[in-house]
Amino acid sequence: PESPKSAPPARTSTPRSARAQGIMQGFPPPPDKRPGAENWDLPPFNRWSFQNMRALFPTVDVWRGTGAPRTLPTEAQDITGLTFEAATTGDKSQSIKAWLDASYTDGFLVMQRGKVVFEHYANDMGLRTPHLSQSVAKSLVGALTGILHDEGAVKLDEPLARIVPELAQCGYGDATLAQVLDMRSGVRFSEDYGTPGSDMTRIDIASGWRPPLPGEAVPTIRDVILTLPNERPHGGAFKYRSIETDLIAWVLERATGQSLSDLLSDRIWSRIGADCDGFFTVDRAGTVLADGGFNASLRDYARFGLMMLEGGAVGDQQIVPEAWVRASATGDSSAFGAPYTTASPNGAYSNQWWIQDVERGDFMARGVFGQLIYLDPKTDFMAVKMSTWPDFLIESYTLDTVRAVTAIRDALE
């Protein structure tokens, strides 16, 4: 979700919470204060919707298992006075507090050396509130793929049609799992959010996130995949295409005979000490929206991130192969060009993770509307942010997020 957007919306004051705007307040709420199929993910309604997806869509659980939640030790520090140069306002010394207030924050958590040093909630989000991850979900699927590859369930260099024969009829049949993990296939997919007729809008309709036109047949997510043709040879430059995560999910399900929700529960969510069940939204066929439909609490996103930060392990239990974690923080910057280099000039993309700087090895799970898990193994640092920006993509907000979290990282170090 990283094509840059133009100027940010005008901002004259701190963004108001959903409650302050009357969204879904009252019994019943007034009609003009209820999110609907056309506007649930747009302002002001997304300030409520992203924490209440189960009130809007069918979902399937990702079970946390029966173990005790992983304790997150706390060593609180006041980081709100730290400053950075803000792209949105031009302020050369914007404080972290001002950034959190202005950037539509729902939750923000910082860990260093295994301890929570800062935790902040806004817009009525709480400790156990599930929040939509958007494309942070892709990185969970990437980590899961590494586990299944290590188990021998999937091969990285095998044409995908050997696993899912139906794919022979579309552009993905002769692509490999390695190519789609790095989003370097040659398949055409228009990642244009909210644009009528775009491939992304077709996926939104298929997943139930957007209404169809009157009289229009509603496909499933996998129906859409089978319509996508090639536009170039596989293995070229990185090009962001959300559909490739849904394709990976199909391959993993077919290879194992298990649903993605069960696979994620068995291999990751029940093993990281999650406090709450996660969940995915699903389409009419019960297919999870793997590219962006996952929901979890702020602390559980942090538990997943901490596992990756610690080399794929929790204590003495290896969950994601350590070599896969290292590969997810290592990429080919020569394949990574504009517009993606705006926020990450020396970046790359690997195994469904964004790499901020290939030399440093810091990497991120990132989603539209301001979702983030940032990991820096060099300093044992993590920042997690859940947000409800007023647009899918706002270039200056992305820049400010990277600048803010790296300013915090450097100051703590």
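Just so we're clear, the structure is a prediction, and the values are computed from it rather than from any experiment.

On to the pattern of salt bridges. Enumeration over the complete set of coordinates arrives at 25 salt bridges. With its nearest N and O atoms 2.8 Å apart, the salt bridge here joins Lys97 to Asp101. Here Lys97 and its partner Asp101 are both found in helix 2 (residues 96-102), four residues apart, which amounts to about one turn of the helix. A relative accessible area of 47% means that Lys97 is categorised as partly exposed. Its salt-bridge partner being Arg409, residue Asp362 comes within 3.6 Å of it at the nearest N-O pair. Residue Asp362 is found in strand 13 (residues 362-367), and its partner Arg409 is found in helix 11 (residues 395-412); the two are separated by 47 residues along the sequence. Both residues of the pair, Asp362 and Arg409, belong to the buried class. A cluster of three or more residues bridged by salt bridges with shared partners is formed by Asp41, Asp204 and Arg210.

This part covers the nonpolar core. Ranked by internal contacts, the top residues of the largest apolar core, which has 123 residues, are Tyr172 and Phe304. Once residues lying within four places of it in the same chain are set aside, the contact partners of Tyr172 are Leu160, Leu167, Val180, Ser185, Val187, Ile225, Leu228, Asn230, Ile243, Glu244 and Leu247.

Now for helix 5 (residues 199-207). Counting buried positions over the nine residues of helix 5 gives eight, a clear majority of the element. All of the buried residues in helix 5 are Asp199, Met200, Thr201, Ile203, Asp204, Ile205, Ala206 and Ser207. Residues of helix 5 that are buried in the fold lie against helix 6 (221-225) and helix 7 (243-256).

Let us look at the sheet that holds strand 1 (residues 59-62). One open sheet holds the four strands; their spatial order is 1-7-8-6, and the pairing between them is antiparallel. A strand with exactly one partner marks an edge of an open sheet, and here the two such strands are strand 1 and strand 6 (131-132). In the packing of helix 8 (residues 260-269) onto the sheet, contacts are made with strand 1, strand 7 (278-281) and strand 8 (294-296), and the angle to strand 1 comes to roughly 20°.

Once that is clear, we can look at the pairing of strand 5 (residues 115-121). Pairing of strand 4 (residues 105-112) with strand 5 involves six bridges; the strand directions are antiparallel. When the bridges of strand 5 are listed, Leu109 appears paired with Glu119. Hairpin remark: strand 4 followed by strand 5, antiparallel, with two residues in the connecting loop; positive phi at Arg113, about 50°.

The next subject is the packing of helix 3 (residues 136-151) against helix 8. Packing of helix 3 against helix 8 brings their axes to within 10 Å, and their N-to-C directions diverge by 75°. When the interaxial angle is binned, helix 3 and helix 8 end up roughly perpendicular. Counting all contacts with helix 3, which are made through Leu140, Val141, Ala143, Leu144, Ile147, Leu148 and Glu151, the residues of helix 8 involved are Leu260, Leu263, Leu264, Arg267, Ile268 and Trp269. Looking at the contact of helix 3 with helix 8 residue by residue, the classes come out as 11 nonpolar, no polar and two charged.

Attention now moves to the sheet that holds strand 13. Taking strand neighbours across the sheet as the criterion, the seven strands line up as 5-4-15-14-13-12-11 in an open arrangement whose pairing is antiparallel. Each edge of the open sheet carries a strand with a single partner, namely strand 5 and strand 11 (348-350). Going across the sheet, the axis of each strand differs from the next one's by a mean of 20°, ignoring polarity. Pairing geometry for strand 13 and strand 14 (residues 371-376), over five bridges, is antiparallel. For Arg366, the partnering residue across the bridge sits in strand 14 and is Leu372.

A separate point is helix 11. Helix length check: helix 11 (18 residues) gives 26 Å between terminal C-alpha atoms against 26 Å at 1.5 Å per residue, within 8%. By the criterion of burial, helix 11 is predominantly enclosed, with 14 of the 18 residues buried.

Let us look at the confidence of the model for the protein chain. Confidence in the prediction of the protein chain, expressed as mean pLDDT, is 96, and 97% of residues score 70 or more. Looking over the protein chain, one finds the lowest element-wise mean pLDDT in helix 5, namely 97, and the highest in strand 8, namely 99. Low pLDDT, under 50, characterises residues 1-7; the predicted model gives this stretch 22 contacts beyond four residues in sequence or across chains.

Within the secondary structure layout, Glu191 lies in the loop between helix 4 (177-181) and helix 5. Looking at Glu191, its side chain comes within polar contact range of the side chain of Ser242, at 2.6 Å. Dropping the residues within four chain positions of it, Glu191 is found in contact with Met200, Tyr240, Arg241 and Ser242.

With that settled, consider the packing of aromatic side chains. Applying the stated rule across the entire model yields 29 aromatic pairs. Ring plane angle 40° and centroid distance 5.8 Å describe the contact between Phe336 and Tyr340, whose orientation is recorded as tilted. As far as the burial class goes, Phe336 and Tyr340 line up, both buried. Three or more aromatic residues link up through ring pairs in this structure, and these residues are Trp40, Phe50, Phe57, Tyr193, Trp209, Phe369 and Phe392. Positioned above the aromatic ring of Trp354, the side-chain terminus of Arg366 is 4.4 Å from the ring centre. Taking the ring centre of Trp99 as reference, the NZ or CZ of Lys385 above it sits at 5.2 Å.

Considering the arrangement of structural elements, one finds Ile203 in helix 5. Residue Ile203 is classed as buried on the basis of its relative accessible area, which comes to 0%. Note: C-alpha distance between Ile203 and Ala323 (120 residues apart in sequence) is 33 Å. Look past the residues within four positions of Ile203 in its chain and what remains in contact with it is Phe189, Ile221, Val224, Ile243, Leu289 and Asp291.

Criteria and thresholds
- All residue numbers refer to positions counted from 1 along the written sequence of the respective chain.
- Restriction of local features to residues with pLDDT of at least 70 applies here, the model being predicted, together with a cutoff of 80 or more for giving and counting side-chain atom pairs; totals for whole chains, interfaces and linings are based on all residues.
- As a rule here, side-chain values come from all non-hydrogen atoms in the structure, and water together with hydrogens is ignored.
- What makes a salt bridge here is a side-chain nitrogen of Lys or Arg within 4 Å of a carboxyl oxygen of Asp or Glu, nothing more.
- Secondary structure elements follow DSSP: runs of H or I of four or more residues count as helices, runs of E of two or more count as strands, with numbering from the N terminus.
- Under the scheme applied here, a residue whose accessible area is under 20% of the maximum for its type counts as buried, over 50% as exposed, and between as partly exposed, the area being computed with a 1.4 Å probe on protein chains only.
- Buried Ala, Val, Leu, Ile, Met, Phe, Trp, Tyr and Cys residues that are joined via side-chain atoms within 4.5 Å together make up what is termed a nonpolar core.
- In what follows, residue pairs with any heavy atoms lying within 4.5 Å of each other are defined as contacts.
- By the convention used here, strands pair only if DSSP detects at least 2 bridges between them.
- Only the contacting stretch of a helix is used when fitting its axis, a line to C-alpha atoms as for every element, and angles between N-to-C directions run 0 to 180 degrees.
- In what follows, roughly perpendicular refers to angles from 65 to 115 degrees, roughly parallel to angles under 35, roughly antiparallel to angles over 145, and oblique to any angle outside these ranges.
- By the convention adopted, Pro, Cys, Tyr, Trp, Phe, Met, Ile, Leu, Val and Ala count as nonpolar, Lys, Arg, Asp and Glu as charged, and the other residues, Gly among them, as polar.
- A helix is expected to span 1.5 Å multiplied by its residue count minus one.
- Looking at any residue, its pLDDT shows the predictor's confidence there, from 0 to 100.
- A 3.5 Å cut-off defines polar contacts: any pair of N or O atoms within that distance qualifies, except that in protein one atom must be a possible hydrogen donor and the other a possible acceptor, and neighbouring residues in sequence count only when both atoms are side-chain atoms.
- Classification of ring pairs uses Phe, Tyr and Trp, with its six-membered ring standing for Trp, and accepts pairs whose centres are within 6.5 Å; under 30 degrees between planes counts as stacked, over 60 as edge-to-face, and the remaining range as tilted.
- Either the NZ atom of lysine or the CZ atom of arginine qualifies as a charge over a ring when it sits within 6 Å of the ring centre and within 35 degrees of the ring normal.

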